[in-house]
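Coordinate analysis (summary)
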Amino acid sequence: MFSESWLLTSKSKQELNLDEPIVMPNTKGRFWVHLTPRNDEELIRSLKPFNIHPLTLEDAMNPQGRIKIEEFPNYTFLVFRGLHFDSTQIDAKNFNFIL
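To start, this report covers the structure provided alongside it.

Conventions we followed
- Residues numbered from 1 in each chain as written.
- Predicted model: local features only at pLDDT ≥ 70, side-chain atom pairs only at ≥ 80, totals over all residues.
- Heavy atoms only, no water.
- Helix = DSSP H or I, 4+ residues; strand = E, 2+ residues; numbered from the N terminus.
- Buried < 20%, exposed > 50% of the residue type's maximum accessible area, 1.4 Å probe, protein only.
- Contact = heavy atoms within 4.5 Å.
- Salt bridge = Lys/Arg side-chain N within 4 Å of Asp/Glu carboxyl O.
- Pairing = 2+ DSSP bridges.
- Axes fitted to C-alpha atoms, helices over the stretch in contact; angles between N-to-C directions.
- Core = buried A, V, L, I, M, F, W, Y, C linked by side-chain atoms within 4.5 Å.
- Polar contact = N/O pair within 3.5 Å; in protein donor to acceptor, adjacent residues only side chain to side chain.

1. Thoughts on the overall build of the protein chain
Looking only at helices and strands, one finds 2 helices and 6 strands in the protein chain. The helix and strand sequence of the protein chain, counted from the amino end, reads β-β-β-α-α-β-β-β. Burial status across the protein chain gives 24% buried among its 99 residues. Pairs at least 24 residues apart make up 26% of the contacts formed inside the protein chain by residues separated by at least 6 positions.

Quick look at the structure:
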């Protein structure tokens, strides 16, 4: 089964099962976590280890949220509107990044 959620470090790529807690990598470098949750509860559970502000979670769950950049002490939240190709159509969609 293809996973649409994964954790990428400079040395590895690991598929994530969002039914289980995400284990933070034991690395001093940076890492990338790509999440495609099936629902809001899965998103909240997946981001819990990262200490994300509740308002950021609320914004990330809103598909019609406004475009923004917000800075927090331990991350920056970015929302931009882009195009998403799904089988036979192209739709405008919000993309959320927590950096």
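2. Quick word on the pattern of salt bridges
Scanning all chains against the criterion turns up 5 salt bridges. With a shortest N-O distance of 2.7 Å, Arg38 and Asp19 are connected by a salt bridge. Here Asp19 lies in the loop between strand 2 (13-15) and strand 3 (32-34) and Arg38 lies in the loop between strand 3 and helix 1 (40-47), a separation of 19 residues in the sequence. Overall, the relative accessible area of 59% leaves Arg38 in the exposed class. Asp59 is the salt-bridge partner of Lys68, the closest N and O atoms lying 2.6 Å from each other. Beyond isolated ion pairs, a larger network of salt bridges with shared partners links Asp19, Arg38, Glu42 and Arg45.

3. Topic: the sheet that holds strand 4 (residues 68-71)
On the basis of which strands lie adjacent, the open sheet formed by 3 strands has the order 4-5-6 and antiparallel pairing. A single partner strand is all that each edge strand has here, and the edge strands are strand 4 and strand 6 (89-98). With direction set aside, neighbouring strand axes in the sheet form an average angle of 25°. Here 4 bridges tie strand 4 to strand 5 (residues 76-86), and the two strands are oriented antiparallel to one another. Across the sheet, residue Lys68 finds its bridge partner in strand 5, namely Val79.

4. Remarks on the nonpolar core
Judged by nonpolar contacts, the single largest core of 13 residues is most densely connected at Leu16, Ile22, Leu47, Phe50, Ile52 and Phe77. Mapped onto this core, the elements with two or more residues apiece are helix 1, helix 2 (54-60) and strand 5. In this structure, Phe77 is in contact with Thr56, Asp59, Ala60, Lys68, Ile69, Glu70, Phe72, Asn96, Phe97 and Ile98, ignoring residues within four places of it in sequence.

5. What about the side chain of Asn94?
By secondary structure assignment, the location of Asn94 is in strand 6. Polar contacts involving the side chain of Asn94 include one to the main-chain carbonyl oxygen of Pro63, which spans 3.3 Å. Within the structure, Asn94 has its side chain in polar contact with the side chain of Arg81 (distance 3.0 Å). Excluding residues within four positions of it along the chain, Asn94 makes contact with Asn62, Pro63, Gln64, Gly65, Val79, Phe80 and Arg81.

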